Amino acid sequence: MSWVLLAIISSATIAIISVLDKAFLHYYSRSHWTLLLLIGGAQLLIGFVLVVVTRGTEIPWFGIQWSIVSGILWALNTVLVIRVLSKKEVSRTIPIALSFPIFVAPMAVFVLGEQLSTTHWVSIGVAVIGSVIISTNFSDRLTRPTLDNSLYLLLFASILLAGSHIAIKLSLEELTVLPAHGWRALSFGTVLLVIATRPEAINDVFAMARQKSFGLGIFAVNEFLVANIGMLLNLLALSLGPVSLVSAITATSSLFVFLYGSILAIRFRGFLGEQVNSRTLAIKGISTMMIVGAVVVIAIA
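In this report, we go over the structure that sits alongside the text.

Analysis parameters
- Residues numbered from 1 in each chain as written.
- Predicted model: local features only at pLDDT ≥ 70, side-chain atom pairs only at ≥ 80, totals over all residues.
- Heavy atoms only, no water.
- Helix = DSSP H or I, 4+ residues; strand = E, 2+ residues; numbered from the N terminus.
- Buried < 20%, exposed > 50% of the residue type's maximum accessible area, 1.4 Å probe, protein only.
- Contact = heavy atoms within 4.5 Å.
- Areas by Shrake-Rupley, 256 points an atom, 1.4 Å probe, with all protein chains shown as cover.
- Expected span 1.5 Å × (residues − 1).
- Polar contact = N/O pair within 3.5 Å; in protein donor to acceptor, adjacent residues only side chain to side chain.
- Arc of directions from axis to C-beta.
- Salt bridge = Lys/Arg side-chain N within 4 Å of Asp/Glu carboxyl O.
- Core = buried A, V, L, I, M, F, W, Y, C linked by side-chain atoms within 4.5 Å.
- Axes fitted to C-alpha atoms, helices over the stretch in contact; angles between N-to-C directions.
- Parallel < 35°, antiparallel > 145°, perpendicular 65-115°, else oblique.
- Left-handed = near helix turned anticlockwise from the far one by under 90°.
- Nonpolar A, V, L, I, M, F, W, Y, C, P; charged D, E, K, R; others polar.

Here we take up the overall build of the chain. From N to C terminus, the chain includes 13 helices and two strands. Taking all 301 residues of the chain together, 53% fall into the buried category. In the chain, the proportion of contacts linking residues at least 24 apart, taken out of those at least 6 apart, comes to 85%. Within the structure as shown, the chain displays about 13,800 Å² of accessible surface, and the carbon and sulfur contribution to it stands at 69%.

This part is about helix α8 (residues 177-196). One turn of an α-helix holds 3.6 residues; hence residues three or four places apart share an orientation. Between its first and last C-alpha, α8 extends 28 Å over 20 residues, near the 28 Å set by a 1.5 Å rise per residue. The buried count for α8 comes to 14 of 20 residues, which makes it a mostly enclosed element.

Turning our eyes to something else, we now look at unusual backbone geometry. Of note in this structure, Lys212 is not a glycine but carries a positive phi near 50°. Checked against the element boundaries, Lys212 lands in the loop between α9 (199-210) and α10 (214-240).

What follows deals with the side chain of Ser31. Relative to the assigned elements, Ser31 resides in the loop between α1 (3-27) and α2 (32-53). What makes Ser31 buried here is its relative accessible area of 17%. In this structure the side chain of Ser31 is engaged in a polar contact, spanning 3.1 Å, whose partner is the backbone nitrogen of Trp33. Each residue touching Ser31, except ones within four places of it in the same chain, is listed here: Leu25 and Asp204.

Let us look at α9. Its 12 residues place the ends of α9 16 Å apart at the C-alpha level, agreeing with the 16 Å of an ideal helix rising 1.5 Å per residue. Looking at α9, one finds that the buried residues are Ala201, Asp204, Val205, Ala207 and Met208. Summarising the axial view, the buried residues of α9 lie within an arc of 165°, below the 170-degree limit, and thus occupy one face. Within α9, the exposed residues directed more than 90 degrees away from the buried face are Pro199, Phe206 and Arg210. Looking at the buried side of α9, the elements it contacts are α1, α2, α8 and α10. Positive phi shows up at Lys212, right after α9, with a value of about 50°.

A separate point is the pattern of salt bridges. For the coordinates displayed, the defined rule picks out one salt bridge. Residue Asp204 is joined to Arg30 by a salt bridge in which the shortest nitrogen-to-oxygen separation is 3.9 Å. With Asp204 in helix α9 and Arg30 in the loop between α1 and α2, this residue pair connects regions lying 174 residues apart in the sequence. Looking at Asp204, the relative accessible area reads 3%, which means it is buried.

Our focus in this paragraph is the nonpolar core. Counting residues in each nonpolar core, the largest one holds 51 residues, and the members touching the most others are Leu35, Leu36, Leu192 and Phe219. Broken down by element, the residue count for this core peaks at eight residues, all from helix α3 (residues 61-85). Apart from the residues within four sequence positions on either side, Phe219 is in contact with Phe24, Leu35, Leu38, Ile39, Ala42 and Phe224. Counting residues in hydrophobic clusters, the runner-up holds 15 residues, among them Ala180, Leu235, Ala237 and Leu238.

Next up on the list: the packing of α2 against α10. One can describe the packing of α2 onto α10 by two numbers: an axis separation of 11 Å at closest approach and a directional angle of 50°. Taken together, α2 and α10 sit at an angle that is classed as oblique. Of the two elements, α2 crosses α10, and the hand of that crossing is right-handed. Only Leu216, Phe219, Glu223, Phe224, Asn228 and Met231 of α10 make contact with α2, whose side of the interface consists of Leu35, Leu38, Ile39, Ala42, Gln43, Leu45 and Ile46. Tallied by class, residues from the contact of α2 with α10 come to 10 nonpolar, two polar and one charged.

What follows is the structure, encoded as structure tokens:
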């Protein structure tokens, strides 16, 4: 199977993760810290098991260190994204959170000394404009749209995610997919637990367990099955293809989120708090296509 197909399947799967996370936050959790605490515990367990199972006689420190760095950056990214996702629509949040390939290009210029063409810079501008549009609140009663404050948090989260992808690509030069995923998940889960272990989150988890909440079932399926399938497919694609191209395809997950969220919101009115009038659908659709188109051009130009 080619890395392109792997990246596309991974992108579609990652979109499911985002929608299920939003469902958990919208219907079952009292706080976004609850979801972060559960994710941290699950990923720590998964990482520990994979590290133990895949350990060898030699310790590839270079690869391990970069996997750990990737996990730390990914955890910080997740904290910011989940915080915004708990308050905003999934189809507005994820396209910006997944615009990270636009930051890979300038990173390469300053860190690696690579050159960017005019096409690259124009594409970066288009992606940023698309992010601004999708994060703008348009009201029929107002003639001037207002910019959502979450834009800045999500753009910073995208920078962290870009760094995480570069780090895991360096790790994959020495590690295979499973140990790279294991060490990344181990550091990812540890950081989330340190940040999200709060009284309200712990109490919420115990309350959900006592009530045998269906939300815990959704979380388990999402985190132990869907998330791991998506992340492993993405790592496999990264191990086989160039990070810039794989990242660009990964960013198309925002398109799948838009499709999933819109279809569900149309079928179940008000599902996940999504707005489904023709105006908001048109704005979200156009801005999502701008972001996806820009990151793809960056990768292939």
